[in-house]
Amino acid sequence: MIKSIEFINYRNLQGKYVFDNVLNVIIGKNNSGKTNLLDGIKLAFSVITNDYYKITKSDFCNSDDSKNIVIKVELDKSSITSLDFYDIDELGNKVKRNGFIVTVRKTQSHKYVKSILLLNGSKIDFDVLREDPNIPNLFLLPLIRIDDIYTNGLVTGISKFIDSEEKYSTLKQDSKKNMKQAMQDKLKIFQSFCEKFNQNLDIDFSEAKISDEKVFIVEKGAKEHNFKIGAGYKSIANIILNTLNDNYNIILIDEIENHLHPALIRTLIRELQTMKNTQIIATSHSAVVINELLLDEIIDINYRKLLLTQSNFNKLNIFMHPGRNEILLADNIILVEGYTEELLLKHYLRSANYNWSVVNVAGVMFEPYIELATFLNKKVIVVSDNDKAGSDALECSPRFTKLKQYCNNKSVCLIEIDNTLETDLYNNGYITNYNDLLMNHRRHNDIMIAKKNCKIGIAERIIEHGINLSSWHVIKDIINEFESN
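Criteria and thresholds
Residues numbered from 1 in each chain as written. Predicted model: local features only at pLDDT ≥ 70, side-chain atom pairs only at ≥ 80, totals over all residues. Heavy atoms only, no water. Core = buried A, V, L, I, M, F, W, Y, C linked by side-chain atoms within 4.5 Å. Buried < 20%, exposed > 50% of the residue type's maximum accessible area, 1.4 Å probe, protein only. Contact = heavy atoms within 4.5 Å. Helix = DSSP H or I, 4+ residues; strand = E, 2+ residues; numbered from the N terminus. Pairing = 2+ DSSP bridges. Right-handed = clockwise from strand over helix to strand, strands pointing away. Axes fitted to C-alpha atoms, helices over the stretch in contact; angles between N-to-C directions. Polar contact = N/O pair within 3.5 Å; in protein donor to acceptor, adjacent residues only side chain to side chain.

Here's the deal with the nonpolar core
Stage number 1. Core analysis: the largest hydrophobic core is formed by 58 residues, its most contacted members being Phe190, Ile327, Leu328, Leu335, Ile370 and Leu372.
Stage number 2. If near-sequence neighbours (up to four positions away) are discounted, leucine 328 is found in contact with Ile27, Ile290, Ile298, Leu306, Leu372, Leu376 and Lys378.
Stage number 3. Core analysis: the next-biggest nonpolar cluster, separate from the first, contains 44 residues, Met1, Val47, Leu83 and Ile116 among them.

Structure, rendered in structure tokens:
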């Protein structure tokens, strides 16, 4: 449905956001504009759906309402047929496009008015637009405790037209039965979806009123409304219920992980990715959410789509996991190549109260993570062994030399560890009495390395003995680099 949306002078948003998938997740710091993006989408579509959306001065960038808010929405071709128009592409071909522009301006009477044009600036026939059957349903769902859903309509009760309480009671039961029968197919979809979350849920109705039924989420077989269902399951059920109509649905979810256990998050994400006739745009701060996504489903609020080289893009899709995907959420990042480096640095930074993230790239695949971090304008440091003992001449390995050149090209600080972590720690006097865990290198007797399966033991002993690493060159270089920038 929505291909892209571009904001001009709306709150703190400037620029275009592209949505290529069924599920699109917005990430970014608090107060960076994630919720504003959802609100901006709701504002744009309110002009089409005629839903109420109050405009205030604070909706204008820096509260400057002398400049108009402009929101440009491009839709997939013929998404809303009354918004189709023809354009000329860069090759001179005539192509059909679809979309609209919403403008918000202040009038001389200091009121705010909204107007809409086609994306090419042409006028829109409102009579045709209002009757367009392809106008989507749009739902803004902060995942909070949700007990029921209301449908629009009259609120006049029918009880005053019935002769007796007995007839009224019978009518209510018949009404509920008929309503449930009418939506049996969709009810089966709802129940099937809930079963994937290990929940046996049903829906029930309030007392029958003319076109004003209240829908309750209940445990299947319950004789009365059950409000003991957890907030997370109610949130999930609410999303499902809002997709059971026959129209196209756009669902906006603020902080999709709210109230959800990680196992529920994983199931929800995977189900959302398969939904038909639905587009979900959500915000998140959760590494668990990000771990379930492909990179092209992630949109950074500041840098928008993650535009990386294809090879690194593919590698990150394969090798990213909850520990490594923190690179998308952190500010100051230290990339290391092994578990022992991760253990020692995390322990020191925690004890010294530095709020920096250590990301273990598992082996020697630094480049994709460096590209991702630098694209997102993160402060990043790489800590790597130079593997010199692999050479007869004790020269840095080709891998390290290539990495050093890559870091230079990206203006990234590379901190060099002498041969391996344990060699460097030994040479700097931190583990000189660890003879039971160390041995001489087989080709270079003056170089100490860890005995087989003892690397983790070295890190554990340093932590257990409370050895102070504050004067270690790696720690000092990290602190100097981050604090100088």
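Notes on the pairing of strand S12 (residues 249–254)
The side chains of a regular strand alternate, first on one face of the sheet and then on the other.
Stage number 1. S12 sits mainly inside the fold: 6 of its 6 residues count as buried.
Stage number 2. Residues Asn249, Ile251 and Ile253 point to one face of S12 and Ile250, Leu252 and Asp254 to the other, with burial holding for every one of them.
Stage number 3. Bridge count for S12 against strand S13 (residues 278–283) is 5 bridges, and the pairing is parallel. What sits directly across from isoleucine 251, in S13, is isoleucine 280.
Stage number 4. With helix H6 (residues 262–272) bridging S12 and its parallel neighbour S13, the resulting β-α-β unit is right-handed.

Some words on the sheet that holds strand S17 (residues 357–360)
Stage number 1. An order of S17-S16-S18-S19 is seen for the 4 strands of this open sheet, with the pairing classed as parallel. Every interior strand has two partners, whereas the edge strands, S17 and strand S19 (413–417), have only one. Across the sheet, the axes of successive neighbouring strands diverge by a mean angle of 25°, strand direction being ignored.
Stage number 2. In the packing of helix H9 (residues 339–351) onto the sheet, contacts are made with strand S16 (332–336), S17, strand S18 (379–385) and S19, and the angle to S17 comes to roughly 175°.
Stage number 3. Packing of helix H14 (residues 473–484) onto the sheet brings it into contact with S16, S18 and S19, and relative to S18 it is tilted by some 160°.

Here we look at the side chain of threonine 283
Stage number 1. Tracing the backbone through its elements, the reader meets threonine 283 in strand S13.
Stage number 2. A polar side-chain atom of threonine 283 sits 2.8 Å from a polar atom in the side chain of aspartate 254.

Some thoughts on the pairing of S16
Stage number 1. Counting buried residues along S16, 5 of its 5 residues qualify, which places the element largely inside the surrounding structure.
Stage number 2. On S16, burial covers both faces: Asn332, Ile334 and Val336 on one face and Ile333 and Leu335 on the other are all buried.
Stage number 3. Across 4 bridges, the pairing between S16 and S17 is parallel. The residue of S17 that forms the bridge with isoleucine 333 is serine 357.

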